[in-house]
Each structure stands twice: as structure tokens, then as C-alpha cells.
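Notes for the structure review
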Amino acid sequence: GNWQSYQTIYSQLDVQAGIYNLYIEFIEDAVSPTGAAFVNIDSFTVNDPAAPAAPTNLTATANGTTQIDLAWNAVSGATSYSVLRATSAGGNYTEIASGLTTTSSSDATASPGVPYFYVVRALNGTVESADSNEATATLPLLAPTGLTATANGSTQIDLAWNAVSGATSYTVLR
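Okay, so let's go over this structure. No experiment lies behind these values; they were computed from the predicted model shown. (Residues numbered from 1 in each chain as written. Predicted model: local features only at pLDDT ≥ 70, side-chain atom pairs only at ≥ 80, totals over all residues. Heavy atoms only, no water.)

We now examine the pattern of salt bridges. Scanning the model with the defined rule gives 3 salt bridges in all. Across the pair Asp 107 and Arg 85 runs a salt bridge whose closest N-O atoms are separated by 2.7 Å. Here Asp 107 is found in strand 7 (residues 104–107), whereas its partner Arg 85 is found in strand 5 (residues 80–86), with 22 residues between them in sequence. Taking the relative accessible area as the measure of exposure, Asp 107 reaches 3% and is therefore buried. By relative accessible area, Arg 85 is classed as buried at 18%. Between Arg 121 and Glu 128 there is a salt bridge, with its nearest N and O atoms 3.6 Å apart. (Salt bridge = Lys/Arg side-chain N within 4 Å of Asp/Glu carboxyl O. Helix = DSSP H or I, 4+ residues; strand = E, 2+ residues; numbered from the N terminus. Buried < 20%, exposed > 50% of the residue type's maximum accessible area, 1.4 Å probe, protein only.)

Here is the structure:
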């Protein structure tokens, strides 16, 4: 046959992990093909990327009364990080941030007076690490507002204020 011309074709495929065979198709005549031959050139295996190590040294710090700041050590081979939060230690974590490419984040959805427990996971593509160490923080309760003082006779003053969500008691100082 007439096998005098050839064409080099490069192609990048998005494939899942598995074993694949590489084939080359030979066509005798590009104008009027009389036949084609497939030759199995090689096989190759696509492996899942390795899971990165778990992040270390996670810290959680209340930043005023509006957010909790988180920071952790970088993980070699991590392409991104996810932050997860629970309201009990070792609890049922919910993802609150994903696709992070830095080693810090802030939780501005935390409520004052509620203890929060955080873990971070490193990702290599879609493969997740184990959880980091758990870190906890609680935003302080807000100060009461609307304080009024009303004289009640000559020896007593009545105090009143707006209740603070999450407060279980109040301390009055004079």
C-alpha cells in the first residue's frame, strides 16, 4: 500500500483514573481509503493524584465580636483548602469555605456566645486530606443596650436593659 504520508496529532484528554490503550490508525489512501489498520501501540494507567497530608497547626481566634480568624500551615502538593465548622467538638462538620488558595480564612457568619469547632482539609485536585487538628473559638457576647436607670423612692434605683441573645446571666456593677 501507499504509506508515504503521515500526520502527527496531539490531543489532551480529561480522563478518570483507569487503564487505557493507545491505538494508532493507519489509512492506506486519504483520498479513497481502501482499508485501515489499527495498531495497539501501548497501554498506560492514569492514577488518582495522591492525597495530600492533613494541614497542621490550625488556630481559631475571635476578632472582635464579628468574625473568627483561622490560620494553618501550608501543605506541600495542596492545590486548595476547605474549611469546615461544627458546634460541638469532633462534631458534625459543615463546609463553610472551599477553593481557598491561601492558608488563612475568616468566618463572618459566626454568632456571639456560640462555641465553634473548625477543621481544615487540603485538596490535590479533588482528592482530600484527612482533617487538620481541631481549633475552637467563641465570639464574645455583645454588651447590653438600652440601659435605663429610674429612681424608685429615695433609696432604690431600678435598672433595665435590652436582653442579649445567648446571655444566661448579667453582672451589674456600680
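This paragraph deals with the nonpolar core. With 18 residues, the main nonpolar core has Ile 68, Leu 70, Trp 72, Val 83 and Tyr 118 as its most contacted residues. Where this core is concerned, the elements lending two or more residues are strand 4 (67–71), strand 5, strand 6 (94–100), strand 8 (115–124) and strand 10 (135–138). Those residues within four positions of Val 83 in sequence are excluded, and the remaining contacts are Leu 70, Trp 72, Thr 94, Glu 95, Ile 96, Ala 97, Leu 100, Ser 105, Tyr 118, Val 119 and Val 120. (Core = buried A, V, L, I, M, F, W, Y, C linked by side-chain atoms within 4.5 Å. Contact = heavy atoms within 4.5 Å.)

All right, on to the side chain of Arg 85 then. At 3.1 Å, the side chain of Arg 85 forms a polar contact with the side chain of Thr 109. Contacts of Arg 85, omitting those with residues within four sequence positions, involve Asn 92, Tyr 93, Thr 94, Ile 96, Asp 107, Thr 109, Ala 110, Tyr 116, Phe 117 and Tyr 118. (Polar contact = N/O pair within 3.5 Å; in protein donor to acceptor, adjacent residues only side chain to side chain.)

Residues Ser 105 and Asp 107 point to one face of strand 7 and are all buried, whereas Ser 104 and Ser 106, pointing to the other face, are not buried. Pairing of strand 4 with strand 7, which is carried by 4 bridges, proceeds in the antiparallel orientation. Looking at strand 7, one finds that Asp 69 is bridged to Ser 106. (Pairing = 2+ DSSP bridges.)

Read from one edge to the other, the open sheet built from 3 strands follows the order 3-4-7, with strand pairing classed as antiparallel. In the strand order of this sheet, the two ends are held by strand 3 (59–63) and strand 7, each with one partner. Shown here is a sheet whose adjacent strand axes are inclined to one another by a mean of 25 degrees, direction ignored. (Axes fitted to C-alpha atoms, helices over the stretch in contact; angles between N-to-C directions.)

What follows covers the side chain of Ser 105. Structurally, Ser 105 is set in strand 7. Here Ser 105 falls in the buried class, since its relative accessible area comes to 14%. Among all residues touching Ser 105, those that are not within four sequence positions of it are Ile 68, Asp 69, Leu 70, Trp 72, Val 83, Ala 97 and Leu 100.

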